[in-house]
Amino acid sequence: MDRHFPDAEPITGWRVFVRRLAYERAVQWSDLTETAATFVVLRIETASGCAGAAEVAVKPTWVGATAASLVCALAEMFEPLVRGHNLSDPRQLRTVLDAIPGNQPAKTLIDNACWDWLGARTGVPLWRRMQGRAQVPVSWAVTRQPPAAMAREAADMIARHGFRTLKIKGGQGMALDVACLDAVRQAVGDGVALYVDANGAYPAADAAGYASALSRAGAIMVEDPCAFVPDQGYTALQQSVNVPLLVDFGMTGVRDAHLFLERGARALSLKPGRFGLSDALHMRQLAQAANATAVAGLMGESALGTWAGLQFAAALPPAAAPAELTWFLAMREQMLDDVPVVLDGAIAMPDWPSVCERIDWAAMADVEVTR
């Protein structure tokens, strides 16, 4: 990655927004049903007038925060910490943020906004700085529904967007999960890769049998069949099945990535929308060194957050799984006009350097948080 950074500038501007975006239909996640998604958006600016922006999708069971609690943490802890701080390398600022324990959503929001600022300040998109791919292969996540409905959605999304990989949300019971996978396979044919995310729905004692059953049904990877812990039990579980076990929710940061890889993890879900780009880039290096598959994972992003995630996904090695960064397609509205376009299962990367400049900030005025 290009190590040249601009001269340091103090952070002089700080604006926070809360916005809800409606879905096309009600969505059944493992722990809640939503008709719309809530986002907290941060815009930072430096003395030169360059600005960066980022979002976090706020679901308490996903990120441990509500919009109100995140806005409060930003105002009371993080704005005083970083306003006036000299910014040149976002990774240096991340070390400042990490002086405060916890508060991952706030750190992710600030970190990603700083990387977006770097693009604006240098005039070069992050994916180009990292010599990434101009086309990013992507997948679609088929959420929990009856098997016939999941099969119809899978076939429809492939017909519309050319996806070659689908993530099938499981956790509805082993027999029903297998039935859903079978129904999707019959609907899309053998040319589409399928993997299953059970969201930790099953006891650890059942995880090996579950992963093996889904593998026999055609899953190329099984994500979180149970709650993972980086211990001997995880090592034994991965060794007992012939399919990679994709680690997601049990991995809370760089330290956990180290531990899971030491325990023989073969696949990690790396989420800029959960960890921030600085930590996601560090985790990417760890995965590469261990020859583990990296997946740019889904965090319920709108088009705004998708562009940040795609900068990261573009720089993953060719062996990486397709990025799960297409959830914006489930939404009826967005915060910017430059919505990614999925053609033949891939998204072309833009040459504009910063997502902040693509947002209609006048239209965001009504959702700005003022104190």
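Here the structure is a predicted model, which means the values were calculated and not measured. (Residues numbered from 1 in each chain as written. Predicted model: local features only at pLDDT ≥ 70, side-chain atom pairs only at ≥ 80, totals over all residues. Heavy atoms only, no water.)

Topic: the sheet that holds strand E14 (residues 346-348)
Two pairing modes exist for strands in a sheet, parallel and antiparallel, and in both the strands are linked by backbone hydrogen bonds.
At step 1: Read across the sheet, three strands follow the order E5-E14-E13 without closing on themselves; strand pairing throughout is antiparallel. With one partner strand each, in any of the chains shown, strand E5 (135-137) and strand E13 (342-343) form the two edges of the open sheet.
At step 2: When E5 meets E14, the two strands line up antiparallel, connected through three bridges. Paired with proline 137 across the strands is alanine 346, a residue of E14. (Pairing = 2+ DSSP bridges. Helix = DSSP H or I, 4+ residues; strand = E, 2+ residues; numbered from the N terminus.)

Side note on the packing of aromatic side chains
At step 1: Under the defined criterion, the tally for this structure stands at eight aromatic pairs.
At step 2: Ring geometry for tryptophan 307 versus tryptophan 352: centroids 5.2 Å apart, planes at 80 degrees, classification edge-to-face. Of this pair, tryptophan 307 sits in helix H13 (residues 303-313) while tryptophan 352 sits in the loop between E14 and strand E15 (368-369), and the two are 45 residues apart along the sequence. Accessibility classification places tryptophan 307 together with tryptophan 352 in one group, the buried group.
At step 3: Put simply, the rings of Tyr23, Trp140, Phe163 and Trp327 pair up and form one aromatic cluster.
At step 4: Over the face of the ring belonging to tryptophan 361 we find arginine 43, whose NZ or CZ atom lies 5.1 Å from the ring centre.
At step 5: When the ring centre of tryptophan 62 is taken as reference, the NZ or CZ atom of lysine 59 above it lies at 5.1 Å. (Phe/Tyr/Trp six-rings, centres within 6.5 Å; stacked < 30°, edge-to-face > 60°. Buried < 20%, exposed > 50% of the residue type's maximum accessible area, 1.4 Å probe, protein only. Lys NZ or Arg CZ within 6 Å of the ring centre and 35° of its normal.)

Brief notes about the nonpolar core
At step 1: Membership of the largest hydrophobic core comes to 128 residues, with the highest contact counts inside it found for Trp14, Leu74, Ile110, Leu166, Met251, Leu268 and Trp327.
At step 2: Sort the elements by how many residues they give to this core and helix H4 (residues 104-122) lands first, with eight residues.
At step 3: Setting aside residues no more than four positions away along its own chain, isoleucine 110 makes contact with Trp14, Leu42, Leu74, Phe78, Leu93 and Leu97. (Core = buried A, V, L, I, M, F, W, Y, C linked by side-chain atoms within 4.5 Å. Contact = heavy atoms within 4.5 Å.)

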